[in-house]
Amino acid sequence: MKEPACKKCGKPLEKEEAEYCADCSRGKHLFTRGRAAFVYDSRMRGSIGRFKYRNRREYADFYAEELANLCGEAVLSWRPDALIPVPLHRSRQRKRGFNQAELVAKRLGRRLNIPVTEKTLFRIKKTSPQKELSDTQRRANLKNAFQVRENDVRLKRVVLIDDIYTTGSTVDAAASVLLEHGVENVYFLAICIGTGF
């Protein structure tokens, strides 16, 4: 991802003098910082679509490699205890056959030598696809969507791994639950990110 980028979420910025994207300037996010490898443009929309809906699991290798090359230094500077893939609801995972975030997280974890935990966070609410909703609807859709499996979370710094970051609703909903259970800093890493103009 090229500079200038939002200092909070990493979205590309149009104006070099700006420090934050419009979204991060307007509202307070629960995550500490975030980064992504690619801008979510038509090319990446097609790529992510094939990965998720056409069972192109081999794409996870490429995405993890690019995340490590483009964002690895930032991730290591955050000193995370673990990478946590954003979970799918069990019915969606059963239908798809895999969790795309988990595939990428496992490969990235091996590459950066960071443990991956897919047993800490789980999705208890079957939510509507976020792409079809407005900002307000996205937040409502994700309210109480996540739960922590273990009551005694010993992780202090974690990086959530997801495929696409647009408004931050998903990351904030997951971060909220993790922070309630003793995590001190929640970061995120996404394959793609929307624009921050």
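First things first, this report covers the structure right here in the doc.

Calculation criteria
The written sequence of each chain sets the order in which its residues are numbered from 1. Residues qualify for local features only when their pLDDT is at least 70, as the model is predicted, and side-chain atom pairs are given and counted only at 80 or more; totals for whole chains, interfaces and linings, by contrast, use all residues. With hydrogens and water stripped out, all remaining heavy atoms of the structure feed into the side-chain values. Only centres within 6.5 Å qualify two rings of Phe, Tyr or Trp (six-membered ring in Trp) as a pair; their planes then separate them into stacked at under 30 degrees, edge-to-face at over 60, and tilted for everything else. Labels follow the DSSP assignment, with helices taken as runs of H or I lasting at least four residues and strands as runs of E lasting at least two, numbered in each case from the N terminus. Relative accessibility under 20% of the residue-type maximum defines a buried residue, over 50% an exposed one, and the middle range a partly exposed one, all with a 1.4 Å probe and only protein chains included. Take the residue count of a helix, subtract one, and multiply by 1.5 Å to get its expected span. Note on contacts: a residue pair qualifies if any of its non-hydrogen atoms lie within 4.5 Å across the two residues. What qualifies as a polar contact is a pair of N or O atoms within 3.5 Å, subject to a donor-acceptor requirement within protein and to the restriction that residues adjacent in sequence count only when both atoms come from side chains. Two strands are said to pair when DSSP picks up at least two bridges between them. Every axis corresponds to a line fitted to the C-alpha atoms, with the helix fit spanning only the stretch in contact, and the corresponding angles, defined between N-to-C directions, vary from 0 to 180 degrees.

On to the packing of aromatic side chains. With the rule as written, the count across this model stands at 9 aromatic pairs. Residues Phe38 and Phe62 carry aromatic rings whose centres are separated by 6.0 Å and whose planes lie at 20° to one another, so their mutual orientation is stacked. Of this pair, Phe38 sits in strand β1 (residues 34-39) while Phe62 sits in helix α3 (residues 59-78), placing them 24 residues apart in sequence. Judged by relative accessible area, which is 13%, Phe38 ranks as buried. Aromatic side chains Phe51 and Tyr63 sit 5.1 Å apart centroid to centroid with 65° between the ring planes, which places their arrangement in the edge-to-face category. Placement of Phe51 in helix α2 (residues 42-53) and of Tyr63 in helix α3 is noted, with a sequence separation of 12 residues between them. Taken together through their ring pairs, the aromatic side chains of Phe38, Phe51, Tyr59, Phe62, Tyr63 and Phe98 make up a single cluster.

Turning our attention to helix α5 (residues 100-112). Taking 1.5 Å of rise per residue, the 13 residues of α5 would be expected to cover 18 Å, and the 18 Å separating its terminal C-alpha atoms lies within 8% of that figure. Inspection of α5 places Gln100, Ala101, Glu102, Leu103, Val104, Ala105, Leu108, Gly109 and Leu112 among the buried residues, and these make up the whole buried set. The elements touched by buried residues of α5 are α2, α3, β2 (82-85), α4 (90-96), β5 (157-165) and β6 (185-193). Two to three positions downstream of the cap, the backbone nitrogen of Ala101 sits 2.9 Å from a side-chain oxygen, assigning the N-cap of α5 to Asn99.

Another point: the pairing of β6. Of all 9 residues that make up β6, 9 are buried, and the element is covered over most of its length. Here 5 bridges tie β1 to β6, and the two strands are oriented parallel to one another. By the bridge assignment for β6, Arg35 is matched with Leu189. Pairing between β5 and β6: 8 bridges, direction parallel. If you follow Ile161 over to β6, its bridge partner there is Leu189.

Turning next to the sheet that holds β2. Note on sheets: strands pair through backbone hydrogen bonds, and any given pair is parallel or antiparallel. Here we have 4 strands laid out as an open sheet, ordered β1-β6-β5-β2, and parallel in their pairing. Strands with a single pairing partner mark the edges of an open sheet, and in this sheet they are β1 and β2. In this sheet, adjacent strand axes meet at a mean angle of 20° when their direction is disregarded. Along the sheet, α3 contacts β1, β5 and β6; its crossing angle with β1, the most-contacted strand, is approximately 155°.

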